[in-house]
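# Architecture and fold: a report
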Amino acid sequence: ALAAVLKQKDHQVQVISPTEYPQFLNWMKGNNEVIVYNQGNEASGNKIIAEADIIFCLDFCSLNRTDKMEKPLREAAAVKVLIDHHHGKEDFAEYEFWDTHSAATCELLYQLLVDIDERDLIDKNTAEALYAGVMTDTGSFRHPNTTRHVHQVVAELIDLGADVAKVSKLVYDNNSLSRLRFMGFALSERLEILEQYKTAYFAISAEDLKKFSSQTGDTEGLVNYALSVRGITMAAIIIEREEAVKLSFRSVGDFAVNELAAEHFEGGGHKNAA
């Protein structure tokens, strides 16, 4: 979304993602131009980062969240602009639009474009990319972060051409057969309940992922099924990957999983999602 707006202002723009992202986001305009840094693009990515005038850092607030891109980003001479809503901000950017009360970085980005009188640059494709960001970060508008302002932003994105039914289908109803079978396997064979702790979790091994030819994004949303069990207040998914073990936490109410993630696992995030 931001790249599309900047290109309309005749800027030379390159989107770089530290790692691969889910296939259910590949429909967005400009997807085929994104450089995935850790897929053999380190050299070209480093060159772009080193030569950039401005680097926008979106949806993360500390450079260690960028994996192998951290070192070149720290060394870059470019002006850095942070747009984010997570806790645990590191002071690395010259300019910040940071609000932990915001539901989504895309909500902030829309507000920023309005504030600098560039709303007219948001076309249908950009509106749909922004809507996807708000929709996914609010759990389809079910999470407590779904505020009045969120609905106002979404209403305006609809006015700008966002087809919400199309975006919802592309994100949530666009599964491969192997992903559906993996989800069924995980629910029947890997879901564990600790009733005394009001906790549920999945432990997914590398062998499980290989068995179902799992792609990046195939485990997205699985942890929410654990949290949906009646009486559960905290849920986790533990995923064994080649490079690391990833843990994702969800909670309801006052249990702060971002504190759990930060204290024990060098992680972080939001109070109810980390």
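To start, this report covers the structure provided alongside it. Everything numeric here is computed off the predicted structure, so don't read it as measured data.

## Overview of the environment of Asp 159
- Its place among the elements puts Asp 159 in helix α6 (residues 148–159).
- Residue Asp 159 is classed as exposed on the basis of its relative accessible area, which comes to 65%.
- As for Asp 159 and Ala 127, which are separated by 32 residues in sequence, their C-alpha atoms are 9.1 Å apart.

## A closer look at the packing of aromatic side chains
- Summed over the entire model, instances satisfying the criterion amount to five aromatic pairs.
- Relative to Phe 212, the ring of Phe 182 has its centre 5.9 Å away and its plane inclined at 65 degrees; by these criteria the two rings are edge-to-face. Of the two residues, Phe 182 is situated in helix α8 (residues 177–190) and Phe 212 in the loop between α9 (206–211) and α10 (222–227); the sequence distance between them amounts to 30 residues.
- For Phe 212, a relative accessible area of 14% gives the class buried.
- With 5.8 Å between their ring centres and 35 degrees between their planes, Phe 249 and Phe 265 make a pair best called tilted.

## What to know about the packing of helix α5 (residues 124–137) against α6
- Two numbers describe how α5 lies on α6: the axes approach to 10 Å, and their chain directions differ by 155 degrees. As judged from the angle between their axes, α5 and α6 are roughly antiparallel. As for how α5 packs across α6, the hand of that crossing is left-handed. Contacts from Ala 127, Leu 130, Tyr 131 and Val 134 in α5 reach Val 150, Val 154 and Leu 157 in α6.
- Class assignment of the residues belonging to the contact of α5 with α6 gives a composition of seven nonpolar, no polar and no charged.

## Side note on the pattern of salt bridges
- Evaluation of the coordinates by the stated rule reveals 13 salt bridges.
- In this structure, Glu 96 and Lys 89 form a salt bridge, with 3.1 Å as the shortest nitrogen-oxygen distance.
- When the shortest N-O distance is used, the salt bridge between Asp 254 and Lys 271 registers 3.4 Å. With a gap of 17 residues between them, Asp 254 in the loop between β9 (245–251) and α11 (257–265) and Lys 271 in the segment after α11 connect regions that are remote in the sequence.

## Here we look at the environment of Glu 195
- Note that Glu 195 resides in the loop between β6 (191–194) and β7 (199–204).
- Sequence separation between Glu 195 and Asn 125 is 70 residues; the distance between their C-alpha atoms is 45 Å.

## Quick notes on the packing of helix α4 (residues 105–115) against α6
- The N-to-C vectors of α4 and α6 enclose an angle of 65 degrees; their axes lie 11 Å apart at closest approach. In terms of crossing hand, the pair formed by α4 and α6 is left-handed. Along the contact surface, α4 presents Glu 107, Tyr 110 and Gln 111, while α6 presents His 149, Val 150, Val 153, Glu 156 and Leu 157.
- When grouped by side-chain class, the residues that make up the contact of α4 with α6 number four nonpolar, two polar and two charged.

## Thoughts on a nonpolar patch on the surface
- A cluster of nonpolar residues, Ile 54, Phe 56, Leu 58, Val 79 and Tyr 95, forms a patch on the protein surface that exposes about 430 Å² of accessible area.
- A per-element tally of the nonpolar patch places strand β3 (residues 54–58) first, with three residues.

## Here we look at the nonpolar core
- Counting 29 residues, the largest nonpolar core has Tyr 110, Ile 122, Leu 130, Tyr 131 and Leu 157 as its most contacted members.
- Of all the secondary-structure elements, those providing two or more residues to this core are α1 (2–8), β4 (79–84), α4, α5, α6 and α7 (164–172).
- In terms of residue count, α5 provides more of this core than any other element does, six residues in total.
- Residue contacts for Tyr 131: discarding those within four places in its chain leaves Phe 141, Val 154, Leu 157, Ala 162, Val 164, Val 167 and Ser 168.

Basis of the calculations
Residues numbered from 1 in each chain as written. Predicted model: local features only at pLDDT ≥ 70, side-chain atom pairs only at ≥ 80, totals over all residues. Heavy atoms only, no water. Helix = DSSP H or I, 4+ residues; strand = E, 2+ residues; numbered from the N terminus. Buried < 20%, exposed > 50% of the residue type's maximum accessible area, 1.4 Å probe, protein only. Phe/Tyr/Trp six-rings, centres within 6.5 Å; stacked < 30°, edge-to-face > 60°. Axes fitted to C-alpha atoms, helices over the stretch in contact; angles between N-to-C directions. Parallel < 35°, antiparallel > 145°, perpendicular 65-115°, else oblique. Left-handed = near helix turned anticlockwise from the far one by under 90°. Contact = heavy atoms within 4.5 Å. Nonpolar A, V, L, I, M, F, W, Y, C, P; charged D, E, K, R; others polar. Salt bridge = Lys/Arg side-chain N within 4 Å of Asp/Glu carboxyl O. Patch = residues over 30% accessible without salt bridge, like charges linked within 9 Å, V, L, I, M, F, W, Y side chains within 5 Å. Areas by Shrake-Rupley, 256 points an atom, 1.4 Å probe, with all protein chains shown as cover. Core = buried A, V, L, I, M, F, W, Y, C linked by side-chain atoms within 4.5 Å.

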